[in-house]
Amino acid sequence: MVNKATFQLAFLTPKYWPSWLSIFLLYTLSWLPQSWQLALGRALGRLVHRLVKKRRKIAEVNIALCYPELSDAERAELVLKNMENTGMAIFESAMAWWWPAWRVKRVMGSITGLEHVDQANKDGKGVLLLVPHILHLEMASRVMGLERQGVAFYRPHNNALMDYFTAKGRLRSNEYLVGKRDVKSLLKALKDKKFCYYLPDQDYGRNRSVFAPFFAVKEAATTTGTLLFANSRHCRTLSIMTHRDAQGKYHLAVQPPLENFPSGDDVHDVTQVNQRMEQAINNAPEQYMWLHRRFKTRPDEHAPSYYR
C-alpha cells in the first residue's frame, strides 16, 4: 500500500538529470492555458501517427477488429484522432498531477451517478468501479477526487524518479494506492467501504482469463480478476463512462450496479463486464487507449498474431 511518495537523495545524482529535465519541461508547460496544452498534444499525436508506425499499426488493427462496419476512411480518421488524444494525454497527466484544485474545478463538467456509490456504502459495501483505459484517465481520476477519494491499483514505474512523481500526483485524488498484485489490500479496502478503481479491459494473457465477446471479436481473452473482487460479500460492482468535450471539460457518469453479478458463470459474467467497457468506449472511441495489443492472446495459441 502506498499512501505517501518519498523523496530520495539519490534522485539528485546525474543518473536522473535527463528525467529532471523532462519533468521540468512538462511542469512548466502544465501552467499554460488548457487549450494551448491540448493543441500541443494534438500536434505531438500527429507526429506519433506519422513516425511511430508500430504503435499506429496496433491501433489500426484494434479498430478494424472492433468496428468492421466502418469504412477504411472512417477507420483512418478514428486512428488519427486517437493518436491526437494520445499526445493530449501526456499534458492531461501533467494537469492532473500539478494543477491546484481551483484550476481542476474550472474544467470539471458533470458528475452523475454518485447516488449508486452512496447507496452501496449505506448497504455496508465498498465499490469496485470498472474503468476502461481511457487516455484522460489521470485527469478523470483527479476530477472524481474532488467528489470522492478513491483507491487505485498501481504499477511502479521502472524509473524511480518518475515513480515518485506518478505516485505523488495520483495521491492528490486517491486515499492510497495498492500494488497491482496486492489482492489482499484491495479486498480490505472493499471491506472498509472504500471507492476502488479497477481496469478490466486489457489482455493480461491466459492466466486467470476466459474468452468472451468484446465488440466484434467473439473470443477475446478477458481477465477473471474482476470476479475475484466482485465475489466478496463486501463488494458492489459499478462502472463509469467518461469523456472530454469540445470545450475541454471532463464529464463522468457512474453507471448502476451490474445485475446478478457475479452469477457463477465466468464467461457470462466477464461478457457483462466487456459490455460495460464497450458502452464506455463508444461514448468517445477516439479517447480510448487503442495502442494496447488487446487481442494478442488468441483461443488457438498457434494462430498467427493479429499484429504482425
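Residues numbered from 1 in each chain as written. Predicted model: local features only at pLDDT ≥ 70, side-chain atom pairs only at ≥ 80, totals over all residues. Heavy atoms only, no water.

### Quick look at empty space enclosed by the protein
A probe as big as a water molecule, rolled over the atoms, marks out the empty space that is left. Per the stated rule, a full pass over the model turns up two cavities of 30 Å³ or more. Its volume calculated, the largest cavity comes out at about 60 Å³. Looking at the lining of the largest cavity, the elements that each hand over two or more residues are helix H7 (137-145) and strand E8 (235-244). Looking at which element gives the most residues to the lining of the largest cavity, the answer is H7, with four residues. Tallied by class, residues from the lining of the largest cavity come to eight nonpolar, two polar and no charged. Looking at the second largest cavity, its volume works out to about 30 Å³. Surrounding the second largest cavity, Pro132, Ile134, Thr242, Ala280, Ile281, Ala284, Gln287 and Tyr288 form its lining. (1 Å grid on protein atoms, 1.4 Å probe; cavity = no way out; pocket = protein on both sides within 12 Å on 5 of 7 lines; lining within 4 Å. Points joined across faces, edges and corners; volume = space filled by probe spheres on them. Helix = DSSP H or I, 4+ residues; strand = E, 2+ residues; numbered from the N terminus. Nonpolar A, V, L, I, M, F, W, Y, C, P; charged D, E, K, R; others polar.)

### Section: the sheet that holds strand E5 (residues 195-198)
Read across the sheet, seven strands follow the order E1-E9-E8-E2-E5-E3-E4 without closing on themselves; strand pairing throughout is mixed. The outermost strands of the open sheet, each flanked by one partner alone, are strand E1 (108-112) and strand E4 (174-179). Strand-to-strand twist in this sheet, taken as the mean axis angle between neighbours without regard to direction, amounts to 25°. Two elements, strand E3 (residues 150-154) and E5, share two bridges in a ladder whose sense is parallel. Looking across to E5, one finds that Ala152 is bridged to Tyr197. (Pairing = 2+ DSSP bridges. Axes fitted to C-alpha atoms, helices over the stretch in contact; angles between N-to-C directions.)

### Observations concerning the packing of helix H4 (residues 72-98) against helix H8 (residues 160-170)
Interhelical geometry of H4 versus H8 gives an angle of 65° and a closest axis separation of 7 Å. As H4 packs across H8, the resulting crossing turns out to be left-handed. Across the interface between the two elements, Ala96, Trp97 and Trp98 from H4 touch Phe165, Thr166, Gly169 and Arg170 from H8. (Left-handed = near helix turned anticlockwise from the far one by under 90°. Contact = heavy atoms within 4.5 Å.)

### Some details on the environment of Lys191
Take Lys191: it is sitting in helix H9 (residues 183-191). Residues Lys191 and Ala59, spaced 132 residues apart in sequence, show a C-alpha to C-alpha distance of 38 Å.

### Looking at the UniProt feature "short sequence motif: HXXXXD motif" (unreviewed entry) in the protein chain
The sites that carry the UniProt feature "short sequence motif: HXXXXD motif" (unreviewed entry) are, in the present numbering, residues 133-138. Regarding residues 133-138, the helix share stands at 33% and the strand share at 0%, and the terminal C-alpha atoms are separated by 10 Å. (UniProt positions renumbered as here; feature names shortened; annotations may be inferred.)

### Things to note about H4
Across its 27 residues, H4 extends 40 Å between first and last C-alpha, which sits within 8% of the 39 Å expected from 1.5 Å per residue. Bending of H4 peaks at approximately 25° at the position of Ala89. (Expected span 1.5 Å × (residues − 1). Bend = angle between axes of the 7 residues up to and from the residue.)

### Observations regarding a positive patch on the surface
A contiguous patch of positive charge, built from Lys54, Arg55, Arg293 and Lys296, is present on the exposed surface. Relative to the helices and strands, Lys296 resides in the segment after helix H11 (266-282). (Patch = residues over 30% accessible without salt bridge, like charges linked within 9 Å, V, L, I, M, F, W, Y side chains within 5 Å. Areas by Shrake-Rupley, 256 points an atom, 1.4 Å probe, with all protein chains shown as cover. Salt bridge = Lys/Arg side-chain N within 4 Å of Asp/Glu carboxyl O. Lys, Arg positive; Asp, Glu negative; His and termini not counted. Charge placed at Lys NZ, Arg CZ, Asp CG, Glu CD.)

### Let's talk about the packing of aromatic side chains
Per the stated rule, a full pass over the model turns up 21 aromatic pairs. Plain terms: the ring middles of Phe7 and Phe11 are 5.3 Å apart, the flat faces sit at 85° to each other, and that makes the pair edge-to-face. Judged by its relative accessible area of 1%, Phe11 falls in the buried class. When the ring of Tyr164 is compared with that of Phe165, the centres are 5.1 Å apart and the planes differ by 75°; the resulting orientation is edge-to-face. Under the relative-accessibility criterion, Tyr164 is labelled buried at 12%. Residue Phe165 is classed as buried on the basis of its relative accessible area of 12%. Within the aromatic cluster, the residues linked to one another by ring pairs are Phe7, Phe11, Tyr16, Trp20, Tyr27, Trp31, Trp97, Trp98, Tyr164 and Phe165. In this arrangement the basic side chain of Arg294 is found over the ring face of Phe214, its NZ or CZ atom lying 4.8 Å from the centre. Above the plane of the ring of Tyr306 lies Arg298, whose end atom (NZ or CZ) is 4.0 Å from the centre. (Phe/Tyr/Trp six-rings, centres within 6.5 Å; stacked < 30°, edge-to-face > 60°. Buried < 20%, exposed > 50% of the residue type's maximum accessible area, 1.4 Å probe, protein only. Lys NZ or Arg CZ within 6 Å of the ring centre and 35° of its normal.)

### A short note on the pairing of strand E9 (residues 250-255)
Burial within E9 is extensive, with six of its six residues counted as buried. A two-sided burial pattern is seen for E9, the buried positions comprising Tyr250, Leu252 and Val254 on one face and His251, Ala253 and Gln255 on the other. Examined bridge by bridge, E1 and E9 share three bridges and lie parallel to one another. Paired with Thr112 across the two strands is Ala253, which belongs to E9. One ladder, built from six bridges, connects E8 with E9; its direction is antiparallel. Directly across from Ser239, in E9, lies its bridge partner Gln255.

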